[in-house]
Amino acid sequence: MIQRKTILESHPFCLKTVDIPNLGKKHQGKVRDVYILKDKRVVVTTDRQSAFDRILGYIPFKGAVLNSLAYFWFKKTKKIIDNHVIDMPNPNVLIAKNCKPLPVEMVVRGYMTGVTNTSIWHSYQKGERSIYGIKFPDGMKKNQKLLQPVITPTTHPEMGSDKHDERLTKKEIIENKIVDKNIYEKMEEVSLELFRLGSQWCKKKGIILVDTKYEFGMIGEKLVLMDEIHTPDSSRFWIAKTYEGRFKKGLEPENFDKEFLRLWYKDKGYTGDGKPPKMSDDLIVETSKRYIGAYEILSGEKFKSFKYPIGGKIGGSVNKYFEKK
């Protein structure tokens, strides 16, 4: 595992953004910088750390971990649905097919939990029992396993937008023609299959896949999976062996994702409004180690460290990729 000293020495040189000449306009999402080139996209995953739909700071090695783990999962799930990936010329870079993103995020949940405004627990504890058009029984506890996974879709604002994700229902999506009915129902079917596969794989690794989000796009008439899949940014992971005991005692599960980061901010009174508190050194180190640990456990591969800064290397690898084509 990468040492604390290495993480903190790398922090001032984190990949905040990247400018690659000759690729045209740069589009920025919360974490990714994207260049659109006719039928392709160059997707650079930076070290920007987001939560509560805000950029909170920067975490060393995070971008490479997210990109590499997503690449691992994209290859593993291709038998369920095709995806946008063409190649990974650099740990922080994906060359992808240029999809037309669909404006709905498919969030699949296996447990009654969460701290954000779009989580089902946030609504349930306020007394709501019909959430996202789904009826939940009385008497449920935080972190309790659901009888079966549920889909709780949200809006997916355009890249670079400062809008928050908002709750949706299947009925709203179809009636308002946000997504075509047949395509949406295919998204539901695929999302549950992906969640099933992801849950089974995680279980083998001693991890519970608690909930996750999937993003889809269209290439012509074809539905494809895009963005990222089963990463610590897009998913909630718990340690399986301690879950039952901690749940019975009313304790929070041991998490293996960025939930602890959300809780760190929430404990300081921050949930997305105003200026966020400055990250402590301990938070930076622990977050970096969490991301690296998740990659190594889920992929079964050791994370390859590197020296910062990396912006020049990224630009060079992208240019080299296109020179070969």
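Engineer: Hey, could you go over the overall build of the protein chain for me, with residue numbers and the actual values?
Structural biologist: When helices and strands are tallied, the protein chain shows nine helices and 16 strands. Here the C-alpha radius of gyration of the protein chain, 19 Å, is about what a compact globule of 325 residues would show, namely 20 Å. Each principal axis of the C-alpha distribution contributes one length, and for the protein chain these read about 60 × 50 × 40 Å. Sorting the 325 residues of the protein chain into buried and exposed places 52% on the buried side. Expressed as a percentage of contacts within the protein chain between residues at least 6 apart in sequence, the contacts between residues at least 24 apart total 65%. Of the roughly 15,800 Å² of accessible surface on the protein chain, a fraction of 50% belongs to carbon and sulfur atoms. Computed over 59 positive and 41 negative side-chain charges, the inter-centroid distance for the protein chain is 4 Å.

Engineer: So, helix α7 (residues 259-267): which residues are in play, and what are the values?
Structural biologist: When α7 is considered as a whole, its buried residues turn out to be E259, F260, L261, R262 and Y265. Packed against the buried residues of α7 are β4 (48-51), β5 (54-58), β16 (235-239) and α8 (281-299). Two residues or fewer after α7 comes G269, characterised by a positive phi angle close to 85 degrees.

Engineer: Outline the nonpolar core, listing residues and values.
Structural biologist: With 79 residues, the main nonpolar core has W73, M187, Y214, F216 and F303 as its most contacted residues. If you tally residues by element for this core, the top one is helix α2 (residues 62-76), at nine residues. When neighbours within four sequence positions are excluded, M187 is seen to be in contact with L102, V104, M106, V179, F216 and L223. Membership of the second largest hydrophobic core comes to ten residues, among which are M112, I120, I131 and Y132.

Engineer: Give a description of the packing of α2 against helix α5 (residues 181-204) that names residues and reports values.
Structural biologist: Axis separation between α2 and α5 bottoms out at 11 Å; the angle between their running directions is 115 degrees. Here α2 and α5 pass one another in a crossing that is right-handed. For the pair α2 and α5, contact is made by F72, W73 and K76 and by L197, G198, W201 and C202, respectively. In the contact of α2 with α5, the residues fall into five nonpolar, one polar and one charged.

Engineer: Tell me about the packing of aromatic side chains, residues and numbers included.
Structural biologist: Enumeration according to the criterion identifies 17 aromatic pairs in this entry. An aromatic cluster of three or more residues is present, and its members are F61, Y295, F303, F306 and Y308. Above the plane of the ring of Y124 lies R129, whose end atom (NZ or CZ) is 3.7 Å from the centre. Residue placement shows K268 over the ring face of W264; its charged tip is 4.7 Å from the ring centre.

Engineer: I'd love a proper account of the environment of S119, names of residues and values included.
Structural biologist: When you line up the elements, S119 lands in the loop between β9 (104-112) and α3 (120-124). C-alpha separation for the pair S119 and R109, spaced ten residues apart in sequence, amounts to 9.3 Å. Apart from the residues within four sequence positions on either side, S119 is in contact with R109, T113 and G114. There is a polar contact of 3.2 Å between the side chain of S119 and the backbone nitrogen of H122.

Engineer: Now, about the pattern of salt bridges: what can you tell me, with residues and values included?
Structural biologist: What the rule picks out here adds up to 26 salt bridges. Between D227 and R32 there is a salt bridge whose closest N-O contact spans 4.0 Å. Pair noted here: D227 is in the loop between β15 (222-226) and β16 and R32 is in strand β2 (residues 32-37), with a separation of 195 residues, a long-range link. Side by side, D227 and R32 carry an identical accessibility label, which is buried. One connected set of salt bridges, linked through shared partners, spans R32, K213, E215, D227 and E228.

Calculation notes
Residues numbered from 1 in each chain as written. Predicted model: local features only at pLDDT ≥ 70, side-chain atom pairs only at ≥ 80, totals over all residues. Heavy atoms only, no water. Helix = DSSP H or I, 4+ residues; strand = E, 2+ residues; numbered from the N terminus. Rg over C-alpha atoms; globule rule 2.2 N^0.38 Å. Buried < 20%, exposed > 50% of the residue type's maximum accessible area, 1.4 Å probe, protein only. Contact = heavy atoms within 4.5 Å. Areas by Shrake-Rupley, 256 points an atom, 1.4 Å probe, with all protein chains shown as cover. Lys, Arg positive; Asp, Glu negative; His and termini not counted. Charge placed at Lys NZ, Arg CZ, Asp CG, Glu CD. Core = buried A, V, L, I, M, F, W, Y, C linked by side-chain atoms within 4.5 Å. Axes fitted to C-alpha atoms, helices over the stretch in contact; angles between N-to-C directions. Left-handed = near helix turned anticlockwise from the far one by under 90°. Nonpolar A, V, L, I, M, F, W, Y, C, P; charged D, E, K, R; others polar. Phe/Tyr/Trp six-rings, centres within 6.5 Å; stacked < 30°, edge-to-face > 60°. Lys NZ or Arg CZ within 6 Å of the ring centre and 35° of its normal. Polar contact = N/O pair within 3.5 Å; in protein donor to acceptor, adjacent residues only side chain to side chain. Salt bridge = Lys/Arg side-chain N within 4 Å of Asp/Glu carboxyl O.

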